[in-house]
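These are the residues of each chain, in order.
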Amino acid sequence: MNVRHCVLMLVIGIIIWLPQPSEAIQTSEGVRITIVHTNDTHTRIKPEDNSGKSMGWATLAAAIKKERELNPDTLVLDAGDTFHGLPLATLSNGEIMVPLLNLTGYDAMCLGNQDFNYGVPHLLELSKRLYFPILVANVAYKDSGQLPFAPYKEFNLSGVKIAVFGLVTPETKLKISPLLTKNLSFLDPVQQAQLMVDKLRSNNDLVIAVTHLGIDPVCADKSTIVAQKVKGIDIIIDGHSHTVLPQGIKEGDTLICQTGCYDSYLGEVNVTIKNHRVVDKSAKLLGLEDVNRLAPTPDQEVLREIERSTKSAQPMLEKVIGQSSRKFQYNREQIRTGETELGDYAADAYRGICGADIAIVNAGTFRADIPQGTITRGDTIKVFPFGNVVQKIQMTGAQLKEALEHGVSRYPADVGIFPQVSGISFTLDSSAQAGKRVVSVEVNGRPLDLTQKYSLAVTNFMHMGGDGYSMLVNAPLLGEYGLADDVLAAWISRGENLRSFGQRIRIDQ
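Numbering of residues starts from 1 in each chain and follows the order in which that chain's sequence is written. Local features in a predicted model are, by the rule used here, given only for residues with pLDDT of at least 70; side-chain atom pairs are given and counted only at 80 or more, and totals for whole chains, interfaces and linings are based on all residues. Just so you know, side-chain values use all the structure's heavy atoms and leave hydrogens and water out.

As for the overall build of the protein chain
In step 1: The secondary structure content of the protein chain amounts to 19 helices and 25 strands.
In step 2: For a compact globule the rule gives 2.2 Å times the number of residues to the power 0.38, and the radius of gyration it is set against comes from C-alpha atoms. Compactness check: the protein chain gives a C-alpha radius of gyration of 26 Å against a globular reference of 23 Å for 509 residues, within 12% of the reference.
In step 3: For the C-alpha atoms alone, the extent of the protein chain along its principal axes is close to 95 × 55 × 45 Å.
In step 4: Residue exposure (1.4 Å probe, protein chains only): buried if accessible area is under 20% of the type maximum, exposed if over 50%, otherwise partly exposed. By residue count, 56% of the 509 residues in the protein chain fall in the buried class.
In step 5: The contact criterion used throughout is that any non-hydrogen atoms of two residues lie within 4.5 Å. Of the contacts formed within the protein chain by residues at least 6 apart in sequence, a portion of 75% connects residues at least 24 apart.
In step 6: For the protein chain, the exposed surface amounts to about 21800 Å²; the carbon and sulfur share of it is 51%.
In step 7: Charge centroids of the protein chain, computed over 50 positive and 56 negative side chains, lie 1 Å from each other. By the criteria applied, helices consist of DSSP H or I runs no shorter than four residues and strands consist of E runs no shorter than two, each listed in order from the N terminus. In this description, accessible areas are obtained by the Shrake-Rupley approach with a 1.4 Å probe, and a residue is regarded as covered only by the protein chains that are shown. Residues scored as positive are Lys and Arg, those scored as negative are Asp and Glu, and His as well as the terminal groups of each chain are ignored. Working definition for charges: the position is that of NZ of Lys, CZ of Arg, CG of Asp or CD of Glu.

Structural data, given as structure tokens:
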């Protein structure tokens, strides 16, 4: 064997050893289709988001691209609440998410209820810049009956025909400003799903619903109900309830999958198709360790885009929204143990923007002063940095008193449950035992009626039972009014002063 021949054999060996381009995974069992999915990321694009529990979009993108490299017969789907969440995204009306989604390589998505906070006209503008469709089959204009978004999209992967259609929760009408949905009809998910299956089932081997419905028992419209009542949906990629489903759940012949929220997990579904029939399907979730093993290096292009968008947000953060003749000072111990001007002003903002009878702001949500002089959007984000949404809920007087009792139950300890209030005043008897400390309660100058129903402005964090406010969990939702920092900014931009209700929290030592 001469030298040239040896070199040639060595080169051939190296070529054989090198990883080869992936081809469709076809075996005697059929064609394997992989579905990679996300939901309720709420713009958590950095690893430090969600108290360090988020993967970060660059890590997420690297894993998704690796999945497609391993199996080119891969669909990447998102189940909504994607454009709205943390201030960095909402300051740009969700626009910073567009290049990140495009760079990641999604194939389709549905919208979540929070995404509608931008209004349909703006969402349509965002959709024009996406490389893939937004699918919503159950939202129509009231006047014309036309659908703003495409209801479905069909794909062909290695001869396997796949249809994907989208659904969003009708709760959206209750969860965002009525002004944004006044010309929209949110159609029954079951009826629209049935129409989609009737249209798509006969021509496709695999039918997937990507839905923002959730499986929360308190919700009237759930993905489980859709699966029960509509036969012919193979897989539901779901969102909304922030449920972690490690292996999905089966409802009849339908596999329902969800990743939780805030890109803590990446979802993967594998489906085998043979002779145009689904012969096997299974779901799993990939945590951070799994993702790092799959793709050890974050996607550098996505990292650069995140850095660019962060810098681009600076002018918006520096935008002047108002003036203040004095400083509303944040002092952690003071705001968690008694009434403060900052707490009063913020509670007034919640109450005023929501048009509620009363507002309660848990002291632990505050993080900074409202400065004297010029106030910027960055200042309001520093005050409320957590991305909580201000809601209006309905409570009886007895439930309100229970909430106040909980808020002062650990006084004089400086804990975040302490209530800053508007529209209501009370006396805290610190010598009484917890649960019997709140006395002399008045609502707008009148004694609290334990049987009367009142509207209460709080954050979604408290409404979900955060800080132990479990008595708020089942309270009917009357409306949502945006992020807490947006609400505060709107109040400041109106030039509103601190409203005088006299002393709101009187403490008897």
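Resuming the write-up.
A short note on the packing of aromatic side chains
In step 1: Working definition: rings of Phe, Tyr and Trp (its six-membered ring) pair if their centres are within 6.5 Å, and the pair is stacked with planes under 30 degrees apart, edge-to-face with planes over 60 apart, and tilted otherwise. Under the definition given, this model contains five aromatic pairs.
In step 2: Ring plane angle 65° and centroid distance 5.5 Å describe the contact between Phe116 and Phe186, whose orientation is recorded as edge-to-face. You can see Phe116 sitting in the loop between strand E4 (108–109) and helix H6 (120–129) and its partner Phe186 sitting in strand E8 (residues 184–186), a full 70 residues away along the chain. Considered together, Phe116 and Phe186 belong to a single accessibility category, that of buried residues.
In step 3: Residues Tyr350 and Phe384 carry aromatic rings whose centres are separated by 5.9 Å and whose planes lie at 50° to one another, so their mutual orientation is tilted. Taken together, the residues Tyr350 in helix H15 (residues 341–354) and Phe384 in the loop between helix H16 (377–383) and strand E18 (389–396) connect sequence positions 34 residues apart. The exposure classification of Tyr350 matches that of Phe384, with both residues buried.
In step 4: Through a chain of ring-to-ring contacts, the aromatic side chains of Tyr350, Phe366 and Phe384 assemble into a single cluster.

Details of the confidence of the model for the protein chain
In step 1: Here the protein chain shows a mean pLDDT of 91. Residues at 70 or above account for 95%.
In step 2: Note on residues 3–22: pLDDT is under 50 here. Beyond four places in sequence and across chains, it has five contacts. Every residue gets a pLDDT, meaning the predictor's confidence in that residue, from 0 to 100.

What to know about the sheet that holds strand E25 (residues 505–508)
In step 1: If you walk across this open sheet you meet the four strands as E22-E21-E20-E25, and the pairing is mixed. Each having just a single partner strand, strand E22 (446–447) and E25 make up the two edges of the open sheet.
In step 2: With two bridges connecting them, strand E21 (residues 438–443) and E22 associate as antiparallel partners. Across the sheet, residue Glu442 finds its bridge partner in E22, namely Pro447.
In step 3: Between N-to-C directions, angles span 0 to 180 degrees; the directions come from axes that are lines fitted to C-alpha atoms, helices contributing only their stretch in contact. This element, helix H17 (residues 397–407), spans strand E20 (424–429) and E21 of the sheet and lies at about 130° to E21. Following DSSP output, two strands are said to pair if at least two bridges run between them.

So, the pairing of E18
In step 1: Among the eight residues of E18, six are classified as buried, and the element is accordingly described as predominantly covered.
In step 2: Of the strand pairs in this sheet, E18 and strand E24 (residues 477–483) are connected by four bridges, and their pairing is antiparallel. Pairing of Lys392 across the sheet is with Gly479, part of E24.

Overview of helix H19 (residues 484–493)
In step 1: Burial of H19 is extensive: seven of the 10 residues sit out of reach of the surface.
In step 2: Among the residues of H19, those classed as buried are Ala484, Asp485, Val487, Leu488, Ala489, Trp491 and Ile492.
In step 3: Backbone geometry just after H19 places Gly495 at a positive phi near 75°.

Focus on the nonpolar core
In step 1: Nine residue types can take part in a nonpolar core, namely buried Ala, Val, Leu, Ile, Met, Phe, Trp, Tyr and Cys, and a core is a set of them joined through side-chain atoms within 4.5 Å. Residues Tyr350, Phe366, Ile370, Phe384, Phe426, Leu456 and Leu472 are the most contacted members of the largest nonpolar core, which totals 59 residues.
In step 2: Of all elements in the fold, only H15, strand E16 (358–362), E18, H17, E20, E21, strand E23 (453–459) and H19 reach the threshold of two or more residues within this core.
In step 3: The element that contributes the greatest number of residues to this core is H15, accounting for eight residues.
In step 4: Excluding residues within four positions of it along the chain, Phe426 makes contact with Leu404, Val408, Pro419, Val421, Val438, Val439, Ser440, Val441, Arg504, Ile505 and Arg506.
In step 5: Counting 40 residues, the second largest nonpolar core, distinct from the first, contains Val98, Tyr118, Ile134 and Phe186.

Looking at the sheet that holds E18
In step 1: With mixed pairing, five strands are arranged side by side in an open sheet as E19-E16-E23-E18-E24. Looking along the sheet, the strands with just one partner apiece sit at the ends: strand E19 (419–422) and E24. Strand-to-strand twist across the sheet, computed as the mean angle between neighbouring axes with direction ignored, equals 25°.
In step 2: Strand direction decides the pairing type here: E16 and E23, joined by two bridges, are parallel. If you follow Ala359 over to E23, its bridge partner there is Ala457.
In step 3: Contacts from H17 reach E16, E18, E19 and E23, with the element oriented near 120° to E18.

Structural notes on the packing of H15 against H19
In step 1: Packing of H15 against H19 brings their axes to within 9 Å, and their N-to-C directions diverge by 90°. Taken together, the axis directions place H15 and H19 in an arrangement best described as roughly perpendicular. Each of Tyr345, Ala346, Asp348, Ala349, Tyr350, Gly352 and Ile353 in H15 lies in contact with H19, whose residues at this interface are Ala484, Val487, Leu488, Ala490, Trp491 and Ile492.
In step 2: Three classes are used: nonpolar for Ala, Val, Leu, Ile, Met, Phe, Trp, Tyr, Cys and Pro, charged for Asp, Glu, Lys and Arg, and polar for all others, with Gly counted as polar. The class makeup of the residues in the contact of H15 with H19 is 11 nonpolar, one polar and one charged. Orientation categories follow fixed angle ranges, with anything under 35 degrees roughly parallel, anything over 145 roughly antiparallel, 65 to 115 roughly perpendicular, and all other angles oblique.

So, the side chain of Asn39
In step 1: Inspection of the secondary structure puts Asn39 in the loop between strand E2 (30–38) and helix H2 (49–52).
In step 2: Judged by its relative accessible area of 1%, Asn39 is buried.
In step 3: Pairs of N or O atoms are called polar contacts if they sit within 3.5 Å, as long as, within protein, a hydrogen donor faces a hydrogen acceptor (for residues adjacent in sequence, only side-chain-to-side-chain pairs). Within the local environment of Asn39, its side chain forms a polar contact with the side chain of Thr259, the two groups lying 2.7 Å apart.
In step 4: A polar contact of 2.9 Å, which involves the side chain of Asn39, links it to the backbone oxygen of Gly260.

Here's the deal with the environment of Thr59
In step 1: Of note, Thr59 is situated in helix H3 (residues 57–70).
In step 2: Each C-alpha atom of the pair Thr59 and Leu126 lies 24 Å from the other, and the pair is 67 residues apart in sequence.

Looking at the packing of helix H5 (residues 97–104) against helix H12 (residues 300–312)
In step 1: The geometry of H5 relative to H12 is characterised by a closest axis approach of 10 Å and an angle of 180° between their N-to-C directions. Comparing the axis directions of H5 and H12 gives the class roughly antiparallel. Between H5 and H12, the residues in contact are Pro99, Leu100 and Leu103 and Glu301, Val302, Glu305 and Ile306, respectively.
In step 2: Of the residues assigned to the contact of H5 with H12, the class counts are five nonpolar, no polar and two charged.

What about the pairing of E2?
In step 1: Burial runs high along E2: eight of the nine residues are buried.
In step 2: Bridge analysis of strand E1 (residues 26–27) against E2 gives two bridges, and the strand direction is antiparallel. When the bridges of E2 are listed, Thr27 appears paired with Gly30.
In step 3: Here E2 runs beside strand E13 (residues 266–274); their pairing, made up of seven bridges, is antiparallel.

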